[in-house]
Amino acid sequence: MDNHFDSIIIGAGAAGLTAGIYLSRAKVSTLILNEGTVGGQLVLTHEVANYPGVEHVSGYELARTMKQQAISFGCKIRSNLKVTSLQLEGEIKSVEINNKETFTAHSVIIATGGKSRMIGAPGEAEFKGRGISYCATCDGDFFQDKEIIVVGGGNAALEEAVSLTKYASKVTIVHQFDHFQAFEHYSDEAKKNEKINFIMETKITQFMGDEKLQSVTLEHIPSGDLSEMKIDGVFIFIGYVPNTESLEGIIALNPNKEIIVNSNMETNITGVFAAGDSIVKRFRQVTTAVADGTIAALVSADYINNIKKQSEVLV
Amino acid sequence: MSLKTNLTHIESLEDHKSVIENNENVMVCCGRMGPMCIPVYDVMEELENEYTNIKFADMPFDSPDARVIRDLAECRNFSGLPFTVYYKNGKVVKATSSIQTRDQVTSILDEQFGK
Ligand SMILES: Cc1cc2nc3c(=O)[nH]c(=O)nc-3n(C[C@H](O)[C@H](O)[C@H](O)COP(=O)(O)OP(=O)(O)OC[C@H]3O[C@@H](n4cnc5c(N)ncnc54)[C@H](O)[C@@H]3O)c2cc1C
């Protein structure tokens, strides 16, 4: 593979794939570099029911179609890799990946999205898949007639807590605040459900067990009191964090570590654009990611064309 | 009933027997087309070209014959899809539960089967 492209996109979620489709269709040579599975959070979505023009589609199918569209226009996609170094200043940007290959381009679009927040307590990684889950639809049926905890207080936590009562005999919602951030109808539904009870102002500080999860340590935040609770499973829904750790000190981020862009999706560095869930914005949806990706692609195509024209004039 | 992947599909007890008997090194991912499973199939599809000494296959978790994986002693404590099982000469050498990254999968492949 020739390692120079007009544009490099970092991230192959809805935003990155859309940018790839627009750029490649405009005959801008484009490479997408993606950590993990192509599709990003789309792959985590069982059913997308609010993507205009498609009544019901699994996130996976939607991602696969976007990927095929991008490839059909000539976009190159490399996935399941790690970007190890970024040099974004100047006219030629460079990106190095874990096998030491380096790619260069006139413009870079950052579309790294976000990921589930983890609790970060000891035992969390060890008991993943052995009692700890991040997906109710995937793993709910392993907890038939079992007692489980749902951690979180947003829409996802309360909605999934209600859906898990189909399987579990008892669901305890553990939340760090004394109120929920979820929409009222989600919390009302959870409060009405007889299988659900609540432990507020509390967090999990440790997961314990032998070959599988058996109990957790709870800390009552105001008092600092610790207690142990026997439990068969824990489902964690505590929100998302932007995937921007590797950009700190390289590009302007706000205090929430989201990338700052203007309405053209331009960052503080010339020739570097950003799109999707990793940027500062209020609504994180497939439609908004796709819209950002479109704008970033069209503005960066203009930028690349201008650079090419200028270099022709100089020649 | 087969999964929508480009991997070898195991759909019955006979398929399973034949795959693990006719290949020295086998990785089988037993799952659904769900968020925790798709990334593992994706990694396996990519690794097929790199690890030519390994047979990569999938099996639908909900097929009755998938009990050959669901009921393995090694999967006794699993409660997260997919169940991924690694076989050497027909014997289970490793099993994991829930989503795995490419690095996690390759470290098992290298350790169990060599590159
Ligand atoms: C469970 C769930 C259900 C949802 N349901 C809906 C819904 O029904 N409707 C709706 O509109 N929206 C829904 N959303 C939100 C929607 O999926 C997202 O807003 C959208 O997909 C974000 O797209 P993105 O491209 O910005 O980011 P992402 O999808 O997060 O993609 C980013 C990609 O970049 C990769 N990446 C990250 N860091 C790096 C790096 N350093 N180098 C290279 N690659 C990197 C990631 O691995 C990923 O592949 C849901 C989200 C979740 C989690």
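Procedures and definitions
- Residues numbered from 1 in each chain as written.
- Chains lettered and ligands numbered in written order.
- Predicted model: local features only at pLDDT ≥ 70, side-chain atom pairs only at ≥ 80, totals over all residues.
- Heavy atoms only, no water.
- Helix = DSSP H or I, 4+ residues; strand = E, 2+ residues; numbered from the N terminus.
- Rg over C-alpha atoms; globule rule 2.2 N^0.38 Å.
- Buried < 20%, exposed > 50% of the residue type's maximum accessible area, 1.4 Å probe, protein only.
- Domains from an automatic or database assignment.
- Polar contact = N/O pair within 3.5 Å; in protein donor to acceptor, adjacent residues only side chain to side chain.
- Contact = heavy atoms within 4.5 Å.
- Phe/Tyr/Trp six-rings, centres within 6.5 Å; stacked < 30°, edge-to-face > 60°.
- Lys NZ or Arg CZ within 6 Å of the ring centre and 35° of its normal.
- Expected span 1.5 Å × (residues − 1).
- Arc of directions from axis to C-beta.
- Buried area = accessible area lost by both parts, 1.4 Å probe.
- Salt bridge = Lys/Arg side-chain N within 4 Å of Asp/Glu carboxyl O.
- Pairing = 2+ DSSP bridges.
- Axes fitted to C-alpha atoms, helices over the stretch in contact; angles between N-to-C directions.
- Disulfide = S-S within 2.5 Å.

### Overview of the overall build of chain B
Logical step 1: Looking only at helices and strands, chain B features four helices and five strands.
Logical step 2: Each helix and strand of chain B, placed in order from N terminus to C terminus, yields the pattern β-α-β-α-β-α-β-β-α.
Logical step 3: The globule rule puts the C-alpha radius of gyration for 115 residues at 13 Å, and the 12 Å found for chain B is close to it.
Logical step 4: Burial status across chain B gives 55% buried among its 115 residues.

### What to know about the domain arrangement of chain A
Logical step 1: Along its sequence, chain A is carved into domain 1 (4–115 + 240–314) and domain 2 (118–236).
Logical step 2: For domain 1 of chain A and domain 2 of chain A, the distance between their C-alpha centroids amounts to 34 Å.

### A few points about the side chain of T165(A)
Residue and element names in this part refer to chain A.
Logical step 1: The topology assignment puts T165 in the loop between α4 (155–164) and β10 (170–174).
Logical step 2: For T165, a relative accessible area of 11% puts it in the buried group.
Logical step 3: A polar atom in the side chain of T165 sits 3.3 Å from the side chain of N193.
Logical step 4: Aside from chain neighbours lying at most four places away, what touches T165 is V171, N193, K195 and I196.

### Quick look at the packing of aromatic side chains
Logical step 1: The full count for this structure, using the stated rule, is nine aromatic pairs over all chains.
Logical step 2: Here F142(A) and F61(B) contribute two aromatic rings whose centre-to-centre distance is 5.8 Å and whose plane-to-plane angle is 75°, an arrangement assigned as edge-to-face. Here F61(B) lies in the loop between β3 (55–60) and α3 (67–70) and F142(A) lies in the loop between α3 (136–139) and β9 (147–151), a pairing that spans two chains. F61(B) carries the same exposure label as F142(A), and that label is buried.
Logical step 3: With a centroid separation of 6.5 Å and 45° between ring planes, the pair formed by Y86(B) and F113(B) is classed as tilted. With a gap of 27 residues between them, Y86(B) in strand β4 (residues 83–88) and F113(B) in helix α4 (residues 102–113) connect regions that are remote in the sequence. Both residues of the pair, Y86(B) and F113(B), belong to the buried class.
Logical step 4: An aromatic cluster is defined as three or more aromatic residues linked by ring pairs; in this entry it consists of F142(A), F61(B), F78(B) and F83(B).
Logical step 5: Residue placement shows R70(B) over the ring face of F61(B); its charged tip is 5.7 Å from the ring centre.

### Looking at helix α2 (residues 59–72) of chain A
In an α-helix, one turn spans 3.6 residues, which is why side chains three or four residues apart end up on the same side.
Residues and elements named next belong to chain A.
Logical step 1: Relative to the 20 Å expected for 14 residues at 1.5 Å per residue, α2 spans 20 Å between its end C-alpha atoms, a close match to the ideal helical length.
Logical step 2: Those residues of α2 that sit buried are G59, Y60, L62, A63, M66 and A70. Buried positions in α2, seen along its axis, are confined to an arc of 165° and lie on one side of it. Residues of α2 that are exposed and angled more than 90 degrees away from the buried face: Q68 and S72.
Logical step 3: A positive phi of about 105° marks G74, the residue just after α2.

### A closer look at unusual backbone geometry
Logical step 1: Cis geometry marks the peptide bond from L81(B) to P82(B); its omega dihedral reads -5°.
Logical step 2: Positionally, P82(B) belongs in the loop between α3 and β4.
Logical step 3: At N80(A), a position not held by glycine, the phi torsion is positive, near 55°.
Logical step 4: Its place among the elements puts N80(A) in the loop between β3 (76–78) and β4 (83–87).
Logical step 5: Judged by its relative accessible area of 9%, N80(A) is buried.

### Observations regarding the interface of chain A and chain B
Logical step 1: If you look at the interface, chain A gives 24 residues, while chain B gives 26 residues.
Logical step 2: Carbon and sulfur atoms supply 51% of the area that chain A and chain B bury against each other, a total of about 2,100 Å² over both sides.
Logical step 3: Per-residue buried area on chain A facing chain B is highest for N80(A), K128(A) and F142(A); these three make up 25% of the total on that side.
Logical step 4: The tally of links between chain A and chain B comes to four salt bridges.

### Description of helix α1 (residues 14–25) of chain A
Residue and element names in this part refer to chain A.
Logical step 1: Here α1 is twelve residues long and its end C-alpha atoms lie 16 Å apart, about the 16 Å a rise of 1.5 Å per residue gives.
Logical step 2: Most of α1 sits inside the fold, with ten of its twelve residues counted as buried.
Logical step 3: Among all positions of α1, only A14, A15, G16, L17, T18, A19, G20, I21, L23 and S24 are buried.

### Some points on the environment of D145(A)
Logical step 1: Following the sequence through the fold, D145(A) ends up in the loop between α3 and β9.
Logical step 2: Placed 124 residues apart in sequence, D145(A) and I21(A) show a C-alpha to C-alpha distance of 47 Å.

### Here we look at the sheet that holds strand β12 (residues 202–209) of chain A
All names here are of chain A.
Logical step 1: The antiparallel open sheet is built from three strands, whose spatial order is β12-β13-β14. The outermost strands of the open sheet, each flanked by one partner alone, are β12 and β14 (226–230). Strand after strand, the sheet turns through a mean of 25° between neighbouring axes, direction not considered.
Logical step 2: Summarising the sheet, strand β13 (residues 213–220) and β14 pair through five bridges and their orientation is antiparallel.

### What about the state of the cysteines?
Logical step 1: This model, assessed by the stated rule, comprises one disulfide over all chains.
Logical step 2: Disulfide pairing is shown between C135(A) and C138(A); the S-S distance is 2.2 Å. On the sign convention where negative is left-handed, the bridge of C135(A) and C138(A), at about 70° about the S-S bond, is right-handed.
Logical step 3: Residue classification places C135(A) among the buried positions, given a relative accessible area of 7%.
Logical step 4: Residue C138(A) is classed as buried on the basis of its relative accessible area of 5%.
Logical step 5: C37(B) supplies the cysteine sulfur nearest to C29(B), a cysteine that is in no disulfide, at a spacing of 6.0 Å.
Logical step 6: The class of C29(B) is buried, set by a relative accessible area of 0%.
Logical step 7: With no disulfide of its own, C75(B) lies 8.2 Å from the sulfur of C30(B), the closest cysteine sulfur.
Logical step 8: Since its relative accessible area comes to 2%, C75(B) is described here as buried.

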